[in-house]
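Breakdown of the fold
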Amino acid sequence: MFKIVQILALVIMLVLLPPTALMAVSGGAGPGDMMYPLKRGLENAILLLASFNPYTKAYFATAQFNRRYEETTTLLSQGDNAGVSLQNLVDQGNQAALDIGNVKSTDQRIQLIASLSNSIEESKQALAQA
């Protein structure tokens, strides 16, 4: 039995190690970076896995909106062209709103709406300053 547990643990480690390493390497990538497509691909894979539950899908879509906001403000602060990032930000906000609409629980939906609304308001103020 112990041997089976060891083998299972090794298999799990070997399966999870490459994606974890890729996430660590691409985590700080921004638009225009070589690792950025990998980062977005991993985010989309996580969103796909979370999409079995409407709440977790909406939660992760809102988190992706926050990441697009951070990327956009970074580009703007560096004086780079952020047109594509701004469009991605808007698209991600729209997707998060659609996903929130699919959440059945009123309490969870209210919580997610409040979170997305706060994020939109913060991003609106920061982008206006930039």
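A short tour of the structure in this document, coming up. (Residues numbered from 1 in each chain as written. Predicted model: local features only at pLDDT ≥ 70, side-chain atom pairs only at ≥ 80, totals over all residues. Heavy atoms only, no water.)

Along its length, the chain carries 5 helices and 0 strands. Seen in sequence order, the chain has helices and strands lined up from the N terminus as α-α-α-α-α. A total of 130 residues make up the chain; the buried ones form 26% of that total. Expressed as a percentage of contacts within the chain between residues at least 6 apart in sequence, the contacts between residues at least 24 apart total 52%. (Helix = DSSP H or I, 4+ residues; strand = E, 2+ residues; numbered from the N terminus. Buried < 20%, exposed > 50% of the residue type's maximum accessible area, 1.4 Å probe, protein only. Contact = heavy atoms within 4.5 Å.)

The next subject is the nonpolar core. Counting residues in hydrophobic clusters, the biggest one holds 11 residues: Tyr55, Ala58, Ala61, Phe65, Tyr69, Leu89, Ala96, Ile100, Val103, Leu112 and Leu116. Among the elements of the structure, helix H3 (54–77), helix H4 (83–101) and helix H5 (106–129) are those that each provide at least two residues to this core. In terms of residues, this core owes the most to one element, H3, which gives 5 residues. Not counting chain neighbours up to four residues away, the residues in contact with Leu89 comprise Phe65, Arg68, Tyr69, Thr72 and Leu127. (Core = buried A, V, L, I, M, F, W, Y, C linked by side-chain atoms within 4.5 Å.)

Here the focus is the packing of aromatic side chains. Following the criterion strictly, the structure yields 2 aromatic pairs and no others. Here the aromatic rings of Tyr59 and Phe60 are separated by 5.7 Å at their centres, their planes lie at 85 degrees, and the arrangement is edge-to-face. Classification of Phe60 by relative accessible area gives partly exposed; the value is 30%. Ring pairs connect the aromatic residues Tyr55, Tyr59 and Phe60, which therefore count as one cluster. (Phe/Tyr/Trp six-rings, centres within 6.5 Å; stacked < 30°, edge-to-face > 60°.)

Here the focus is the packing of helix H2 (residues 36–50) against H3. In helix packing, the relevant descriptors are the interaxial angle and the interaxial distance, both defined with respect to the helix axes. Across the interface, H2 lies against H3 with an axial gap of 8 Å and an inter-helix angle of 160 degrees. It follows from the interaxial angle that H2 and H3 lie roughly antiparallel. Note on packing geometry: the crossing formed by H2 with H3 is left-handed. Taken together, the residues of H3 that come into contact with H2 (itself represented by Tyr36, Lys39, Arg40, Glu43, Asn44, Ile46, Leu47 and Ala50) are Thr56, Lys57, Phe60, Ala61, Gln64, Arg67, Arg68 and Glu71. Its residues assigned to classes, the contact of H2 with H3 shows 6 nonpolar, 3 polar and 7 charged. (Axes fitted to C-alpha atoms, helices over the stretch in contact; angles between N-to-C directions. Parallel < 35°, antiparallel > 145°, perpendicular 65-115°, else oblique. Left-handed = near helix turned anticlockwise from the far one by under 90°. Nonpolar A, V, L, I, M, F, W, Y, C, P; charged D, E, K, R; others polar.)

Under the 1.5 Å per step criterion, the end-to-end length of H4 is 27 Å for 19 residues, consistent within 8% with the ideal 27 Å. When H4 is considered as a whole, its buried residues turn out to be Ser85, Leu89, Gln92, Gly93, Ala96, Asp99 and Ile100. Along the axis of H4, the buried positions cluster into a sector of 130 degrees, meaning they face one direction only. For H4, the exposed residues lying more than 90 degrees away from the buried face are Val84, Leu98 and Gly101. Considering only its buried residues, H4 is in contact with H3 and H5. (Expected span 1.5 Å × (residues − 1). Arc of directions from axis to C-beta.)

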